[in-house]
Each structure stands twice: as C-alpha cells, then as structure tokens.
Amino acid sequence: MKTLFYIILFFVSLPSHALSPWLEKLEEKDKQEQLDLRWVASGGEMDIQFIHNKLNTMKIKLSPKPQFPKKPWDKNHMVFPIQSKSSMSLQVPYGSIEKVTDSNLRAKTHFSLAYGKKRIKIKSLKFVHNPRKNKDLDIVTFKLIDQKGRHLFNTNNVHIQYSKDRKLLQMKHMDISASKELALLLDIPELTHQLLGQVSTYSYLKIPNNAQFYLKGSACFENLQDVVNYSNFTDIQLVGMPTYNSSEPINWLGNVDGTNEIILVPSAELFNVGTADVSWHPKFSGNYEPYNTDQHPYLVWSVYREIDNRFEQIGLSGLKHAFYATNYNCSCSGGFILGIGCGDIYGKASNDLSSALGPRSELESFTGIWQSCGSFFDPNCDGIEDGGSGSTSTGENRLTIDPADIVPNLVMSAWYVVRDDIDIFNSMGYKRFSPELVNSTWVMNIDTSFANGAAINNYVPANTLNKMQASHTIATGEGHLSVAVKVIDLGAGLYRYNYAIENHDFDPQFNAYHIPLDASASLTDTIFVDTDKNTSNDWLFNRTGNVLNIIGAAGNSQDWGNMFSFSFTSNNAPAKANIVLDVSNPIINQTINVLLLAPIDLFSDSFE
C-alpha cells in the first residue's frame, strides 16, 4: 500500500515540473484549482492548404486538384468536418492556454497523395498531441494519424486562440510536414520533415463555470482593461528558428516557374524582453495606441555564402507583415498585443502567406513605419486591402536563390523590424545550412546552432581589428551598418582584400565607397557582388590619386537590408585606415567613416 501511495504522489506532482515559468513562480490560493480545470473543444472543421507548387515540383499528385491552381497556395482550401464526438482537453489557467492535456479530435477527410504507382487514400485524420516540454515555445504539436493508424504528418508552430463569448477554439497556421512513415509509403525517403502546407481547425469550446479569464493585478489584466504599458522600452529578441516535432527550421517551398531558382523560408520565434508591451495589430485592422495606426512588426530574412574568402548575400525576402501575437509562456492570451515577458512564434507556412508578403521598399526600416496608402496592398489608397502577393511559383516577394550559388554552410538570417526597438541586433539571428538536391527534393542539412546578431559576424567576428581582418558596426543616428574585411596573403608580395558592407537599417542608402590605395600600388582581379543578378548595374572601380573608388550605378544604391561585397588584389600589405561611404540621400550624414584595413603602403605596419 505504501508503494502505491508513493507512485500516486509522484504522478500528481509531476505536471508542476512542466509548467511555464510564470506559473511555476505564481503564488495564488486557487492556483491548483485553475490548473486542474479542463476546457474541452469538440467538433468543428479542419482546413488543409497544401503548397501545390512544391508538390508539383516533387511530382506528387494531390487529389482532388487545387481549385485555383494559378493562385497562391494559401488560396486553395480543403475543408473537412471534425467528428462531433471527438474532443480535445486543454489546461487554461487564468485564461492563458498552457497546454493540451488530451486529444482525440478526428476529422473525416477525402483526399489522396500519389507518387508514381504509390497512392495513399486518406479518409480520416486524428490529432494525437505530443506532450509539451517545459522548454517548448509551441503550446502543442500533433501527429496526424489516418484511418489505418498510419502516422502521416506532423504539425507545429500553432497560433491558438479562443473566443470566450462565441465559445470557439481556433488552432491556425500550423505547419504540416511529412512524417517518415509517409515518406516510406510514397517511396520518397527525402520527403521526411518536408513542409507540405498548413492546417487550421476550429472547434466548439466548453468552458468550466469556475474558470478565471485573467490573473488579477498582472500586466495582462491591465491589457484587458485597455491600459497597456507602452511607455517603457521596446526590446524584442529573436530566440531561434524552432525545430519542434521533427520539423526543419528552414524549408524549401518549390521552384520559381520556368527557372532553377528555389524558394526558401525559415520559422522564427521571439520573446518580448523589454519593459513595454508591443503593438501587433494586423494591417488594415484600424487605428490603435500608441501610434494611432495598425502598427505591427515586420520579418525579413536573407541568405549568405562564403566563397573564396568572400562573404556575399545571395538572396533576400520581401517584407512579412506580422499579424498575431501568440503570447506563449506568460499569463497573457494570444491577440494583437505582445505582452511583456511573452513569446511568439511564426512557422514557415505562415511566413509565406500571400496576404502577408509585400515589398521591402515600402518600409522605413529605421523607424519601423509603413504607410498602407498607395502600398502593394492598397494601390488606390482607399483604405481597403485590395491584393496580396503572387503565387509561390512566381517567387514574388519571396527569398529565392540560384542553385549555382549554393556552397556548403550557407547562412540564413532573420530579423524582426520593430518600431522603437532599442536593440536591433538581438532582434536578428542566423543559422547555417547546406542545401542538397536529392532526386527532385531539396534537403536543407541544417546546423543546430543559432546565434543572435548580424550574419556578417559569421564571416568576421564583431568588433575585430587585427593584421588580417577587421569588422565594425556603426550606429549613425539614422540607422546601423556593419563593415568587414578579410585579407588573404597570397604570397609573392600579393594580398587579396575581401570587403563586405551591410546596410541594416540606414534608409538614406549608400552610393559609393572610397578605400585608401597608394597610386603606385597594383590593383587587379576586381569583383563586385550585389543581390539583383543584373550585371549592367554593378558598381564600378576607378582610381583617383591615392584612393580606390567603388561607384554606384544609377538606380542601384545600397538600400537597407542589403549587403554589397567587393574584392581586389594589391601588392600593398594591410594597415589600419578609414574607408568612406557616401550617402545617397543625405539628411544628417553626408558620409560615414569606418576604421578597417586597407592597402595603404607597401612597408607600413600600423599594428606595432
């Protein structure tokens, strides 16, 4: 009997170790009562949106075919009923969804996937939840099991919310990826973990009578009263590109039609580490404090490579407009304000929604201000959202790279542009990966490490200055930039100079660089690299006196979020020197000076 008693005691105490930190620390008399309550969601509908362009590229046939094959993938819906007697239980202490404790939601489906002679008919899908781990930002991930008990798909990166008044629970924008079993059934081993689309559900919600909907005295209680704390410091930190439930943090979305260009997208998770709540209102949703606009953050991502000791940007995305704050691991519910100390997550599919992707050029990056009037989404300036991004197959506003540019250990960076953010460099981060074409599928081969900061730090560590490499980050008062150089001793008195200049959020842009170079020094093998693949507007090299000038072409100033790289060989050894960057549209700064290395004098040694 004693043994049974101790087993029960251990079982009861175990869940407390899996609570979010705010609940672990919370001391409330009714805490255990609220933790023991179970909200129950049942019935409703499931909506699957497959990335048909990617399936076509992989020669996987989906039946029924997309209703609108020429439109973006997220405009094509397959909606199926969820059985009314199937349900899911949730732990929702003080109105904040903590975790799913049980699930047997089952949708009645009728679609199939085929590859060659292999065909899988899917007549039902059951949502089997994976127990949440304490470190997980995702509230829940699911295995999707079909009518034959086959584990076909995984889901993650959920946007989960409920309506107290309408008694509804929504789980939206969940990435849906292929399981190992599905890959084996279709005889495509490389299909495992590949993103296939997204799935959303809504269900009817039964809420216990004694459930509390907020924690009195907390910041989120104040939010419910429309007393939001916008007066302190905004500081959003990108904390990773998540890999929960065997998903990949970077994925391939198919090819741009008629080209070899491949489309890549990352997931992104963040925390509000500041002392102010952050406005997260979707575009065209109205005017809200503190700016009296529909202010929200923006996500951008880029890909870089190092080749022959040069660091180059080979692809960059458009502008992803954020639209919902999940508020994980805190006492706040999901909505349109990211609470202090709360987390948020966007999956790969939601980062590719056509309704969220616009041009980068519309954003004033240093202030984080975007004007909807006359924008990509409202060209006639009537205040009504008119359009969205094109199909994934066109690559419009997506990050695309040419397979010919791929080398091992590419770098994917992501950056949340947030208005009034006090530190842009903890809002960005990067991860290495090595794409590989396996049959007709691109496999990412992703490094597990993640680092905050600018991707250029992966080339030369920040704030380095020694005989052969240097890197400086400059805050100008109008934005930030990073400049790095790596010098290679080629022998025989020759040196290869490799410069990379990244404009993070300097909106006035740059149109020329000036490098000290003795008039008697040699200059050979010049290379200039930008991201537009248009060689006719490449910047040009010329010399005047003791200066090497790299002069911008008309219409190709260096805008925010762009890295330009250039290289040359000289017989002058490196020494400390200032390089000068000319500003295209000067307001405060006419030029920017940066201390780096340059080929000043054959016999100089400025490091002694």
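Residues numbered from 1 in each chain as written. Predicted model: local features only at pLDDT ≥ 70, side-chain atom pairs only at ≥ 80, totals over all residues. Heavy atoms only, no water.

**Some words on the overall build of the protein**
- Tallying secondary structure elements over the protein gives six helices and 42 strands in all.
- For 608 residues, the compact-globule estimate of 2.2 N^0.38 gives 25 Å, and the C-alpha radius of gyration of the protein, at 26 Å, lies within 12% of that figure.
- Along the three orthogonal principal directions, the C-alpha set of the protein runs to about 90 × 65 × 60 Å.
- Of all 608 residues assigned to the protein, the portion counted as buried reaches 57%.
- Long-range contacts, defined as pairs at least 24 residues apart, comprise 68% of the intrachain contacts of the protein with a sequence gap of at least 6.
- A total of about 25,200 Å² of accessible surface is found on the protein, and carbon and sulfur atoms cover 51% of it.
- Here the protein contributes 51 positively and 63 negatively charged side chains, and the mean placements of these two sets differ by 14 Å. (Helix = DSSP H or I, 4+ residues; strand = E, 2+ residues; numbered from the N terminus. Rg over C-alpha atoms; globule rule 2.2 N^0.38 Å. Buried < 20%, exposed > 50% of the residue type's maximum accessible area, 1.4 Å probe, protein only. Contact = heavy atoms within 4.5 Å. Areas by Shrake-Rupley, 256 points an atom, 1.4 Å probe, with all protein chains shown as cover. Lys, Arg positive; Asp, Glu negative; His and termini not counted. Charge placed at Lys NZ, Arg CZ, Asp CG, Glu CD.)

**Some thoughts on the nonpolar core**
- In this structure, F111, F153, L182, L191 and L264 are the most contacted members of the largest nonpolar core, which totals 102 residues.
- L548, A577, L581 and L597 belong to the second largest nonpolar core, which has 32 residues in total. (Core = buried A, V, L, I, M, F, W, Y, C linked by side-chain atoms within 4.5 Å.)

**Digging into empty space enclosed by the protein**
- Applying the stated criterion to the full structure yields two cavities of 30 Å³ or more.
- Lining the largest cavity are 16 residues, with Y304, S413, W415, M428 and E502 sitting closest to its centre.
- Looking at the lining of the largest cavity, the elements that each hand over two or more residues are β18 (298–307), β27 (410–417) and β35 (494–503).
- The dominant element in the lining of the largest cavity, judged by the number of residues it contributes, is β18, at four residues.
- For the lining of the largest cavity, the per-class residue count stands at eight nonpolar, six polar and two charged.
- Put simply, the second largest cavity is a space of about 40 Å³.
- What lines the second largest cavity is S20, W22, S96, I97, E98, R132, I139, N327, Y328, N329 and C330. (1 Å grid on protein atoms, 1.4 Å probe; cavity = no way out; pocket = protein on both sides within 12 Å on 5 of 7 lines; lining within 4 Å. Points joined across faces, edges and corners; volume = space filled by probe spheres on them. Nonpolar A, V, L, I, M, F, W, Y, C, P; charged D, E, K, R; others polar.)

**Some words on the sheet that holds strand β42 (residues 591–598)**
- In spatial order, the strands read β38-β39-β36-β41-β42; together these five strands make up an open sheet with antiparallel pairing. Both outer strands of the open sheet, β38 (540–544) and β42, are each paired with one neighbouring strand and no more. When the angles between neighbouring strand axes are averaged without regard to direction, this sheet yields 25°.
- With four bridges joining them, strand β36 (residues 510–516) and strand β41 (residues 575–583) adopt antiparallel strand pairing. Within β41, the position partnered with Y513 by the bridge is L581. (Pairing = 2+ DSSP bridges. Axes fitted to C-alpha atoms, helices over the stretch in contact; angles between N-to-C directions.)

**Observations concerning the pattern of salt bridges**
- Within this structure, the stated rule accounts for 11 salt bridges.
- Two residues, E306 and K486, come together in a salt bridge whose shortest N-O distance is 3.0 Å. With E306 in strand β18 and K486 in strand β34 (residues 480–491), the pair connects residues that are 180 residues apart, well separated along the chain.
- Overall, E306 belongs to the partly exposed group, its relative accessible area being 31%.
- The exposure class of K486 is buried, given its relative accessible area of 14%.
- Put simply, R310 and D308 hold a salt bridge, and the shortest N to O gap is 3.8 Å.
- One connected set of salt bridges, linked through shared partners, spans R305, D308, R310, E312, D405 and K533. (Salt bridge = Lys/Arg side-chain N within 4 Å of Asp/Glu carboxyl O.)

**Some details on the sheet that holds strand β22 (residues 343–346)**
- With respect to topology, three strands assemble into an open sheet ordered β13-β16-β22, the strand pairing being antiparallel. Because the sheet does not close on itself, it has two edges, and the strands there are β13 (236–240) and β22. Direction aside, the axes of adjacent strands within the sheet are offset by 30° on average.
- Pairing geometry for β13 and strand β16 (residues 268–272), over four bridges, is antiparallel. Residue I236 lies in a different strand from β16, and its bridge partner there is N272.

**Points about the side chain of N251**
- Of note, N251 is situated in strand β14 (residues 250–255).
- Residue classification places N251 among the buried positions, given a relative accessible area of 2%.
- At a separation of 3.0 Å, a polar atom in the side chain of N251 contacts the side chain of K54.
- Ignoring anything within four residues of it in the chain, the contact list for N251 reads K54, H193, Q194, L195, I263, L264, V265, K348 and M444. (Polar contact = N/O pair within 3.5 Å; in protein donor to acceptor, adjacent residues only side chain to side chain.)

**Focus: the confidence of the model for the protein**
- Here the protein shows a mean pLDDT of 91. Residues at 70 or above account for 93%.
- Confidence drops under pLDDT 50 across residues 1–17; counting only partners more than four residues distant or on other chains, this segment forms four contacts. (pLDDT = per-residue confidence, 0-100.)

**A word on the packing of aromatic side chains**
- Applying the stated rule across the entire model yields 26 aromatic pairs.
- Seen from their ring centres, F80 and F111 are 5.8 Å apart, and the 20° between their planes marks the pair as stacked. With F80 in strand β3 (residues 78–81) and F111 in strand β6 (residues 106–115), this residue pair connects regions lying 31 residues apart in the sequence. Across the pair, F111 and F80 agree in class, each one buried. (Phe/Tyr/Trp six-rings, centres within 6.5 Å; stacked < 30°, edge-to-face > 60°.)

**Comments concerning the state of the cysteines**
- Evaluated as defined, the whole model comprises two disulfides.
- Across a sulfur-sulfur distance of 2.0 Å, C330 and C342 are joined as a disulfide pair. Taking the torsion about the sulfur-sulfur bond, which here is approximately 100°, the covalent link between C330 and C342 counts as right-handed. Linking C330 in the loop between β20 (319–321) and β21 (337–338) with C342 in the loop between β21 and β22, this pair joins segments that are 12 residues apart in sequence.
- By relative accessible area, which is 5% here, C330 ends up buried. (Disulfide = S-S within 2.5 Å.)

**A word on the environment of I263**
- For I263, the position within the fold is in strand β15 (residues 262–266).
- Note on I263: relative accessible area 0%, which makes it buried.
- For the pair I263 and G395, spaced 132 residues apart in sequence, the C-alpha to C-alpha distance is 6.9 Å.
- Those residues in contact with I263 that sit more than four places away from it in its chain are N251, W252, L253, G254, N255, V256, T392, G395, R398, L399 and T400.

**Quick notes on a positive patch on the surface**
- A contiguous patch of positive charge on the surface is contributed by R119, K121, K123 and K148.
- In this structure, K123 sits in strand β7 (residues 118–130).
- In this structure K123 comes out as exposed when scored by relative accessible area, which is 55%. (Patch = residues over 30% accessible without salt bridge, like charges linked within 9 Å, V, L, I, M, F, W, Y side chains within 5 Å.)

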